[in-house]
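Spelled out, the chains give:
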Amino acid sequence: MTVSGSWERAARGAMLLGPDGDLKTTIFAEMSALAVSTGAINLGQGFPDEDGPEAVLEAARQAITDGINQYPPGRGLPVLRNAIAEHQRRFYGVELDPDREILVTVGATEALAATILALTEDGDEIVTFEPFYDSYAAMIGLSRAKHVTVALRSPDFQPDLDELRAAVNDRTRIILINNPHNPTGAVLSREALACLVELAQKHDAIIVSDEVYEHLTFGVAHVPICTLPGARERTITISSGGKTFNTTGWKIGWLSAPAELVEAVVAVKQYLTYVGGAPFQPAIAVGLGLPDSYFTTAAATLAAKRDMLCAGLVTAGFSVFPPQGGYFVVADVAPLGFADAAEFCRQLPALAGVVAIPVTAFVRETNRAEYRSLVRFAYCKQVNVLTTASARLAALSTRA
């Protein structure tokens, strides 16, 4: 396997790109503005409305008091890199060199951007699942690679393995996965993961695995793809502290990979933000060292919120696809008499005082037909917020 690309990739000027590579105001900005102007409950954006564990917050305050307020090392503070290495050993049995195989980034998004810019050349292909987290298409556009997608379809949102095999070829440079998956909440099956590794080996591709929801799965274990036979030497694993510790505004992410791949990404990352979040790095290190009970309770608490919102959506008349992990649930608005989820979302604040996001925001124009009536709701909110939102959505059942 060879590593291509250089830091020069980071110097390219480009416009903000949507799922189709065009300049646009995102649906997220539009829906958030609508929530503010109407006073609707915003279940569109995926951020929690409760603070994380006190031990983590206190560690950040202490770090500020202790003067950890200047540039940290380019690869991240040793305390966090060591904590990431210990976390991977503790939960997954993965052994990492914290000095050579870990890079701290400004959120998982920067890790993704630096990785794609570092490892692709013009005309390389990057395979993702579709729907996809919206920044994937933007970063692929910035890199000038070709974006190839494989559909995830309801009700289980698992990939068709024959379609996956047809999508990956010798031009594929990166296979980019998001597991657990946003927006569908699917957790990839072991069979799908094994197929991805097989294809990466066959076509000498790099696997980039976005695992920011790794601790937020419900009744199914998270399996990092790097733990499968043959995957470790060609996998970059990306995660962050934001989702696990309710600190999305801190933007502390990281990646782990073989040293050769990390070196290539560092060459680009240093010309993006260089470093960030100095006092938050030791705080996330504290979080990664919390007892098992914290992680199991966090997942159980979120699962209960998922169940609460799913029940409210069913009562309101939606068809619902309960997620296996993450922050979001996908629902179908067709039973309510709507064919177009985007139009439904624009009307929803007036109809029920709630904001959601159409799944077509995560799909390219040419592929939107089968997702046209699907909507994504966030359940990473306080219980009283979800209770109120469910009560408001219930009004839709009388309309239908």
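Each chain carries its own residue numbering, running from 1 in the written order of its sequence. Since the coordinates come from a predicted model, pLDDT governs what is reported: local features require at least 70, and pairs of side-chain atoms require 80 or more to be given and counted, while whole-chain, interface and lining totals use all residues. The basis for every side-chain value is the complete set of non-hydrogen atoms in the structure, without hydrogens or water.

**Let's talk about the pairing of strand β10 (residues 328–332)**
Threshold: Using a 1.4 Å probe on the protein chains alone, a residue whose accessible area is under 20% of its type maximum counts as buried, one over 50% counts as exposed, and one in between counts as partly exposed. What counts as a helix is a DSSP run of H or I of at least four residues, what counts as a strand is a run of E of at least two, and both are numbered from the N terminus. In this description, strands pair whenever DSSP reports at least two bridges between them.
Across the 5 residues of β10, 5 count as buried, placing the element largely inside the fold. With burial as the criterion, each face of β10 is covered, one bearing F328, V330 and D332 and the other bearing V329 and A331. Across 3 bridges, the pairing between strand β9 (residues 319–321) and β10 is antiparallel. Each bridged residue has a counterpart across the sheet, and for F321 the counterpart in β10 is V330. Remark: 6 residues form the turn of the hairpin made by β9 and β10, two consecutive strands paired antiparallel; G326 in that turn has positive phi of roughly 85 degrees. Two elements, β10 and strand β13 (residues 374–378), share 5 bridges in a ladder whose sense is antiparallel. Looking at the pairing, F328 lines up with A378 of β13.

**Some points on the UniProt feature "domain: Aminotransferase class I/classII large" (unreviewed entry) in the protein chain**
Filter applied, for reference: UniProt positions are given in the numbering used here, feature names are shortened, and annotations may be inferred rather than shown by experiment.
This chain's UniProt record puts "domain: Aminotransferase class I/classII large" (unreviewed entry) on residues 40–364. As annotated, residues 40–364 comprises 39% helix and 17% strand, and the C-alpha atoms at either end are separated by 28 Å.

**Some words on the domain arrangement of the protein chain**
Our working definition: Domain limits in this description derive from either an automatic procedure or a database domain assignment. Any pair of residues with heavy atoms lying within 4.5 Å of one another is described as a contacting pair. Reported buried area values correspond to the accessible surface (1.4 Å probe) lost by two parts on association, with both partners' losses combined. For this analysis, a salt bridge means a side-chain nitrogen from Lys or Arg found within 4 Å of a carboxyl oxygen belonging to Asp or Glu.
Here the protein chain is partitioned into domain 1 (7–51 + 294–395) and domain 2 (54–290). If you look at the interface, domain 1 gives 40 residues, while domain 2 gives 54 residues. Of the roughly 3,800 Å² buried between domain 1 and domain 2 on both sides combined, carbon and sulfur atoms contribute 62%. Linking domain 1 with domain 2 are 2 salt bridges, by the criterion used here. R364 serves as the salt-bridge partner of E130, at 4.0 Å between the closest nitrogen and oxygen. Only α10 (292–316), β10 and β13 provide two or more residues apiece to the side of domain 1 that touches domain 2.

**Observations regarding the sheet that holds strand β4 (residues 146–151)**
To keep it simple, the criterion reads: Working convention: axes come from line fits to C-alpha atoms, limited for helices to the stretch in contact. Angles between N-to-C directions cover 0 to 180 degrees.
Here 7 strands make up an open sheet; going across it, the order is β2-β8-β7-β6-β5-β3-β4 and the pairing mixed. Among the strands making up the open sheet, the edge pair consists of β2 (102–106) and β4. If you compare each strand with its neighbour and ignore which way they point, the axes differ by 20 degrees on average. Note that strand β5 (residues 172–178) and strand β6 (residues 206–210) share 5 bridges and pair parallel. Across the sheet, I174 pairs through a bridge with I206, a residue of β6. Strands in contact with helix α7 (residues 190–203) are β3 (125–130), β5 and β6; relative to β5, the strand with the most contacts, it is inclined by about 165 degrees. Along the sheet face, helix α8 (residues 259–269) touches β2, β6, β7 (235–240) and β8 (252–256) and points at about 30 degrees away from the line of β2.

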